[in-house]
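# Analysis of the macromolecular model
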Amino acid sequence: MHPFDVLRAGLADLDARALTRRRRVAQTPCTPRMRLDGQRLIAFASNDYLGLASHPALVEAIAEGARRYGAGSGGSHLLGGHTRAHEQLEADLAGYAGGFATHARALSFCTGYMANMAILTALGGRGATIYSDALNHASLIDGARLSRADVRIYPHADAGALGRMMEADAVAAAQAGTADAKNAAAAGKTTGVRIIVTDAVFSMDGDIAPLTALLALAHRHQAWLVVDDAHGFGVHGDDGAGTVAALDLRSPLLVYMGTLGKAAGVAGAFVVAEAPVIEWLIQRARSYIFTTAAAPALAHAASASLALMRGDEGRMRRARLRQRIDAMRAMLLRTAWRVLDSTTAVQPVIAGQNETALRLAGTLQEQGFWVPAVRPPTVPPGTARLRLSLSAAHDMADLERLGEALRRAGAVQRPAPAP
Ligand SMILES: *Cc1c(COP(=O)(O)O)cnc(C)c1O
């Protein structure tokens, strides 16, 4: 087949299954009221949970950072691109999110995707075992694959099932003998290394991982617990330090990853862990080493964002977000749609079939709301949904209008049957 015929057939197949994705062009900053493709819409699509993405102080911080450090970093972190702005950001992050560790250190990344690649490829490797939640984010799935470790998928948020799986693996390893593992350790190989990895807040369901039980398993089996808190950092905990801090977990085995492009409203991501973990990532993580450092202005603005998130402004915004989550959830429960057990800013409305999800998104758009439809492979087949995400910046009146529109649409369109 001609290579272009392969693409044409593939694209036609996506179209036939209502899986074609389309990008909308935003003509305004990320706020709840946006102009998209020329239409004014009230947006429930962003991960800008605290409404900081267009905050004047952060816009000014980017400008100031650019005046101070220029536009680009000019190189990778190990070859001249690591600036005082990055250094300051890492110190700020360790102080903010590192309460779980004895000697916390932080490492900043261009994106969360790259941070997850770094963690799993550097800590894992051939002979290691990665235990991964069935609904983990794509970047964790890809990182696990790239690591060449054995990947074991455990049922979603099921610490009991994971415990049985790890126990069985430990018994099998003991029967196979420990000599191999000892030789491998001496040779610096990763045989016998165990990693549990999970989203803290699941990005498409909005539920929270059983982190306390997972950490107990990590201790029992001397495994790393890698927590991706992309949707919890800035949102959970009194001072917004994230889901691990909110649960008051403490352990040297925790490897905490957060992003700076969601609640923090800027761009980039970070890992916080005990100092030797960070040193290992700097030495070995290819997605850290072989890429140009993020623009220093972004690091400078991220530091400014952390100061906002930690202070009264952040506290006030988290309280506003909490009100909006509770109000929206109460309204969703009064519609005929199936909703999930989420107490976070991610509130999915399950439509089932791809076409149903697209039709519902279309109906809402006609009424001035933008709530994106999410389809496989982002979510499992048959669970296509609207991913409604809330922000502290949303107007209560807009929430009520959306709730009413969903209620009316639910009365007309056939909601998905319960699974
Ligand atoms: C968004 C997200 C990422 C990726 O972060 P980026 O900075 O956008 O690359 C990783 N994990 C989860 C759970 C996410 O939601």
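Residues numbered from 1 in each chain as written. Predicted model: local features only at pLDDT ≥ 70, side-chain atom pairs only at ≥ 80, totals over all residues. Heavy atoms only, no water.

## Regarding the pairing of strand S6 (residues 194-199)
Where we set the bar: Exposure is judged per residue with a 1.4 Å probe applied to protein chains only, and the accessible area is read against the type maximum: over 50% gives exposed, under 20% gives buried, and values in between give partly exposed. Going along the chain from the N terminus, every DSSP run of H or I of four or more residues is numbered as a helix, and every run of E of two or more is numbered as a strand. Pairing between two strands is assigned when DSSP locates at least 2 bridges connecting them. A clockwise path from the first strand over the helix to the second, with the strands pointing away from the viewer, defines a right-handed crossover.
Buried residues dominate S6, accounting for five of its six residues. Across four bridges, strand S4 (residues 129-133) lies against S6 in parallel orientation. Bridging across to S6, Ser132 finds its partner in Val197. Where S6 and strand S7 (residues 224-228) come together, five bridges link them in parallel fashion. Counterpart to Thr198 in the pairing with S7 is Val227. The parallel pair S6 and S7, bridged by helix H8 (residues 211-220), forms a crossover whose chirality is right-handed.

## Some points on the packing of helix H3 (residues 84-97) against helix H12 (residues 296-310)
Cut-off, in case you're wondering: Axis definition: a line fitted to C-alpha atoms, limited for helices to the stretch in contact. Angles are taken between N-to-C directions and run from 0 to 180 degrees. Angles below 35 degrees are treated as roughly parallel, those above 145 as roughly antiparallel, those between 65 and 115 as roughly perpendicular, and all remaining angles as oblique. Helix crossings are classified by the rotation of the near helix relative to the far one: an anticlockwise turn of less than a right angle makes the crossing left-handed, while a clockwise turn makes it right-handed. Contacts are residue-level and defined by heavy atoms, with any inter-residue pair within 4.5 Å sufficient. Side-chain classes follow a simple rule in which Ala, Val, Leu, Ile, Met, Phe, Trp, Tyr, Cys and Pro form the nonpolar group, Asp, Glu, Lys and Arg form the charged group, and the remainder, Gly included, forms the polar group.
In contact at an axis separation of 8 Å, H3 and H12 are set at 25° when each is read in the N-to-C sense. Considered as vectors, H3 and H12 are oriented roughly parallel to each other. Crossing hand, H3 versus H12: left-handed. Here Ala85, His86, Gln88, Leu89, Asp92, Leu93, Gly95 and Tyr96 of H3 come into contact with H12, specifically with Pro296, Ala299, His300, Ala302, Ser303, Leu306, Met309 and Arg310. The residue makeup of the contact of H3 with H12, split by class, is nine nonpolar, five polar and two charged.

## Points about the nonpolar core
In plain terms, the rule: Definition used in this section: a nonpolar core is a set of buried Ala, Val, Leu, Ile, Met, Phe, Trp, Tyr and Cys residues joined via side-chain atoms within 4.5 Å. All the domain ranges listed were derived from an automatic or database domain assignment.
Ile196, Phe233 and Leu388 are the most contacted members of the largest nonpolar core, which totals 77 residues. Here this core gathers at least three residues from each of two domains, domain 1 (24-54 + 311-412) and domain 2 (57-309). With residues up to four places along the chain from it excluded, the contact list for Ile196 reads Tyr131, Tyr154, Leu162, Met166, Leu214, Leu217, Ala218, Ala223, Trp224, Leu225 and Val226. Listed in part, the 29 residues of the second largest apolar core include Ala149, Val255, Leu281 and Ala285.

## Overview of the sheet that holds S4
Read across the sheet, seven strands follow the order S3-S9-S8-S7-S6-S4-S5 without closing on themselves; strand pairing throughout is mixed. Two strands bound the open sheet, and with one partner strand each, they are strand S3 (104-109) and strand S5 (150-154). In this sheet, neighbouring strand axes are inclined to one another by 20° on average, regardless of whether the strands run parallel or antiparallel.

## Some remarks on the UniProt feature "binding site: pyridoxal 5'-phosphate" (unreviewed entry) in the chain
Keep this limit in mind: UniProt positions are given in the numbering used here, feature names are shortened, and annotations may be inferred rather than shown by experiment.
The feature "binding site: pyridoxal 5'-phosphate" (unreviewed entry), as given by UniProt, occupies Gly112, Tyr113, Ser203, His231 and Thr259 in the numbering adopted here. Over a stretch of 148 residues, the named residues converge on one spot in the fold, their C-alpha atoms separated by at most 13.6 Å. Position of Gly112 relative to the elements: it lies in helix H4 (residues 112-123). Residue class for Gly112 comes out buried when judged on its relative accessible area of 12%. If we ignore the near neighbours within four places in the chain, the residues touching Gly112 are Met257, Thr259 and Ala269. Locating Ser203 in the fold gives a position in the loop between S6 and H8.

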